[in-house]
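# A closer look at the structure
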Amino acid sequence: MKTVPPLQPSAALSCIGFMICWTIAPLYIKALTGYLDSWTQNFLRYGVSFVFWMPFLIAYTLRNGIDRRLFARALLPTVFNLAAQSFYAAAFYFADPGFITLVTMTLVFWVTLFSMIYFHEERRLLSSGSFWAGIVLSVAGVFGVVVFHPEFSARATLAGALLAAAMAFGWGCYTVSVKRCLGHVDARLSFSIITVYTVIGHGILAFLFGRPADGLHLDAVRWSHVILSALSGIALGHVLYYSAIRRIGASIPTMFLLLRPFTVLLFSSVLFHERLTALQWLFGVLLVTGSGFFIRAQQKRKPA
């Protein structure tokens with residue numbers, strides 16, 4: 001019987017690190033909504049990540065040369081990443097971080113579904129009771145979180161929920177496309193290439209639909225928000241997450257990830273006075289529990 005590796009100090013630090021990163025990133029994104037439009041914010045944040053990863057990509061290319069096939073295979077994941085990140089940032093202009101983070105937990109369902117579509121060995125999940133329990137709980141959870149929002153009838157709340165749900169769908173496509181197109185590649189290399197493509201895409205979108213010149217008027221505090229959200233949410237968060245997975249497998253890091261909506265809500269309640277109703281808390285727990293059942297179904301799936 002396969003056992004879960006013990007949680008070594010380095011792995012524990014990686015788990016704590018990506019949890020901190022992915023907790024504070026949405027708070028900074030929300031804080032910037034009054035100063036930058038979502039297109040410009042994405043462009044600047046990915047620009048910082050681009051600067052962070054460019055030395056690694058240059059060093060790798062100088063040692064190994066340019067693999068044109070690798071750059072070509074990174075195009076499809078980039079398209080999904082570009083869409084998911086555009087929806088994600090836009091959602092914060094309509095709703096608060098905790099609410100957005102809860103709705104985006106549906107990404108676990110989409111990752112599982114698309115994995116079953118593209119990888120035949122995953123289709124045995126259809127016979128798993130945990131998989132179907134996850135569907136029921138997740139659907140009920142996201143329905144309750146949205147419907148019992150105090151401003152459910154407000155157009156802004158519905159727009160935020162739809163954008164967050166679209167982000168979850170796009171992230172599911174992105175995750176599976178990375179596995180399918182770049183699964184054999186070092187995560188640092190694949191992510192650095194995707195970052196280069198993504199910052200170009202966000203730059204085009206920012207100049208077409210946004211106001212990138214607003215970045216010139218940011219003070220030092222707002223620029224620190226841009227830099228910290230980029231490093232925590234994009235550059236470092238991904239590295240720490242994959243580092244934890246490499247050391248101890250996906251199970252424990254993913255369980256840490258299920259705590260993220262509640263850590264974001266905790267800080268959002270202090271910074272933005274966000275409050276959930278009792279029914280939203282109940283359905284939020286159902287939503288996270290449903291995501292946990294999807295993960296449990298993956299863990300129990302026997303290898304072919």
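## Topic: the overall build of the protein
When its secondary structure is counted, the protein shows 13 helices and zero strands. The order of α-helices and β-strands along the protein, N terminus first, is α-α-α-α-α-α-α-α-α-α-α-α-α. Taking contacts inside the protein between residues at least 6 apart in sequence as the whole, the part at least 24 apart equals 88%. Summed over its atoms, the accessible surface of the protein is roughly 14,800 Å², and 71% of this surface lies on carbon and sulfur atoms.

## Considerations on the pattern of salt bridges
For the structure shown, the criterion picks out three salt bridges. A salt bridge links Asp-96 to Lys-30, with the shortest nitrogen-to-oxygen separation between them at 3.9 Å. Residue Asp-96 is located in the loop between α4 (75–91) and α5 (97–104), and its partner Lys-30 is located in helix α1 (residues 9–31); the two are separated by 66 residues in the primary sequence. As a salt-bridge pair, Asp-214 and Arg-211 come within 3.0 Å of each other at their nearest N and O atoms. Classification of Asp-214 as partly exposed rests on a relative accessible area of 21%.

## Side note on the nonpolar core
Ranked by size, the top nonpolar core spans 52 residues in total, and within it Phe-99, Ile-100, Leu-102 and Leu-182 carry the most contacts. Of all the elements, helix α8 (residues 155–182) adds the most residues to this core, at ten residues. In this structure, Leu-102 is in contact with Val-145, Pro-261, Leu-265, Leu-276, Gly-284, Leu-287 and Val-288, ignoring residues within four places of it in sequence. Residues Phe-18, Tyr-241, Ala-244 and Leu-257 belong to the second largest nonpolar core, which totals eight residues.

## Here we look at the environment of Arg-180
Examined against the element boundaries, Arg-180 turns out to sit in helix α8. Residue classification places Arg-180 among the partly exposed residues on the basis of a relative accessible area of 47%. Expressed as a C-alpha distance, the spacing of Arg-180 and Pro-77, which sit 103 residues apart in the sequence, is 9.3 Å. In contact with Arg-180, not counting residues within four places along its chain, are Arg-73, Tyr-118 and Phe-119.

## Some words on the packing of aromatic side chains
A complete count under the given rule lists eleven aromatic pairs for this structure. Ring geometry for Phe-71 and Tyr-197: centres 6.4 Å apart, planes at 80°, overall edge-to-face. On the criterion of sequence distance, the pair formed by Phe-71 in helix α3 (residues 68–73) and Tyr-197 in helix α9 (residues 187–209) is long-range, its members being 126 residues apart. On the basis of an interplanar angle of 80° and a centroid distance of 5.0 Å, the ring pair of Trp-110 and Phe-169 is categorised as edge-to-face. Of the two residues, Trp-110 is situated in helix α6 (residues 107–118) and Phe-169 in helix α8; the sequence distance between them amounts to 59 residues. Members of the aromatic cluster, connected to one another through ring pairs, are Phe-52, Trp-53, Phe-56 and Phe-191.

## Here we look at the environment of Val-108
For Val-108, the location among the structural elements is in helix α6. When its relative accessible area of 13% is taken as the criterion, Val-108 is described as buried. The sequence separation of Val-108 and Gly-172 amounts to 64 residues, and the corresponding C-alpha distance is 7.3 Å. When residues no more than four places from it in sequence are discounted, the contact partners of Val-108 are Ser-291, Phe-294 and Ile-295.

## Regarding the confidence of the model for the protein
Note that predicted coordinates carrying low pLDDT should not be read in detail. Of all residues in the protein, 90% attain a pLDDT of 70 or more, and the chain-wide mean is 84. Element-level mean pLDDT values for the protein span from 70 in helix α11 (residues 251–258) up to 94 in α4.

## So, the packing of α8 against α9
Close contact between α8 and α9 brings their axes to 12 Å; oriented N to C, the two are set at 120°. The angle between α8 and α9 falls in the class oblique. When you trace α8 past α9, the crossing you get is right-handed. Residues Tyr-174, Val-178 and Leu-182 of α8 pack against Ser-190, Phe-191 and Ile-194 of α9. Here the residues of the contact of α8 with α9 are counted per class, giving five nonpolar, one polar and no charged.

## So, the packing of α4 against α9
Packing of α4 against α9 leaves a shortest axis separation of 9 Å and a crossing angle of 50°. Taken together, α4 and α9 sit at an angle that is classed as oblique. Relative to α9, α4 is oriented so that their crossing is right-handed. Contact with α4, carried on its side by Leu-75, Pro-77, Thr-78, Asn-81, Leu-82, Gln-85 and Ser-86, involves Ile-194, Tyr-197, Thr-198, Gly-201, His-202 and Leu-205 of α9 and no other residues of that element. Residues that form the contact of α4 with α9 fall into these classes: six nonpolar, seven polar and no charged.

Cut-offs applied
- Counting starts from 1 at the beginning of each chain's written sequence and moves along it residue by residue.
- Local features in this predicted model are restricted to residues of pLDDT 70 or higher, and side-chain atom pairs are both shown and tallied only at a pLDDT of 80 or more, whereas totals for entire chains, interfaces and linings draw on every residue.
- The basis for every side-chain value is the complete set of non-hydrogen atoms in the structure, without hydrogens or water.
- Strands are runs of DSSP state E lasting at least two residues, helices are runs of H or I lasting at least four, and both sets are numbered from the N terminus onward.
- The contact definition used throughout considers only heavy atoms, calling two residues in contact when any of these lie within 4.5 Å.
- Areas reported as accessible are Shrake-Rupley estimates using a 1.4 Å probe. Residue values count occlusion only from the protein chains shown.
- Any Lys or Arg side-chain nitrogen found within 4 Å of a carboxyl oxygen on Asp or Glu counts as a salt bridge.
- Exposure classes here rest on a 1.4 Å probe applied to the protein chains alone. A residue is buried below 20% of its type maximum, exposed above 50%, and partly exposed in between.
- Here, nonpolar core refers to any group of buried Ala, Val, Leu, Ile, Met, Phe, Trp, Tyr and Cys residues whose side-chain atoms link them within 4.5 Å.
- A pair of aromatic rings is counted whenever rings of Phe, Tyr or Trp (Trp by its six-membered ring) have centres within 6.5 Å, and the orientation is called stacked for planes under 30 degrees apart, edge-to-face for over 60 and tilted otherwise.
- The predictor's confidence in any single residue is recorded as pLDDT, a number from 0 to 100.
- Axes, fitted as lines to C-alpha atoms, cover a helix only where it is in contact. Angles between the N-to-C directions of the axes lie from 0 to 180 degrees.
- Roughly parallel means an angle under 35 degrees; roughly antiparallel means over 145; roughly perpendicular covers 65 to 115; every other angle is labelled oblique.
- Helix crossings fall into two classes, left-handed where the near helix is turned counterclockwise from the far one by less than a right angle and right-handed where it is turned clockwise.
- Residue classes follow a fixed rule: Ala, Val, Leu, Ile, Met, Phe, Trp, Tyr, Cys and Pro count as nonpolar, while Asp, Glu, Lys and Arg count as charged, and any other residue, Gly among them, counts as polar.

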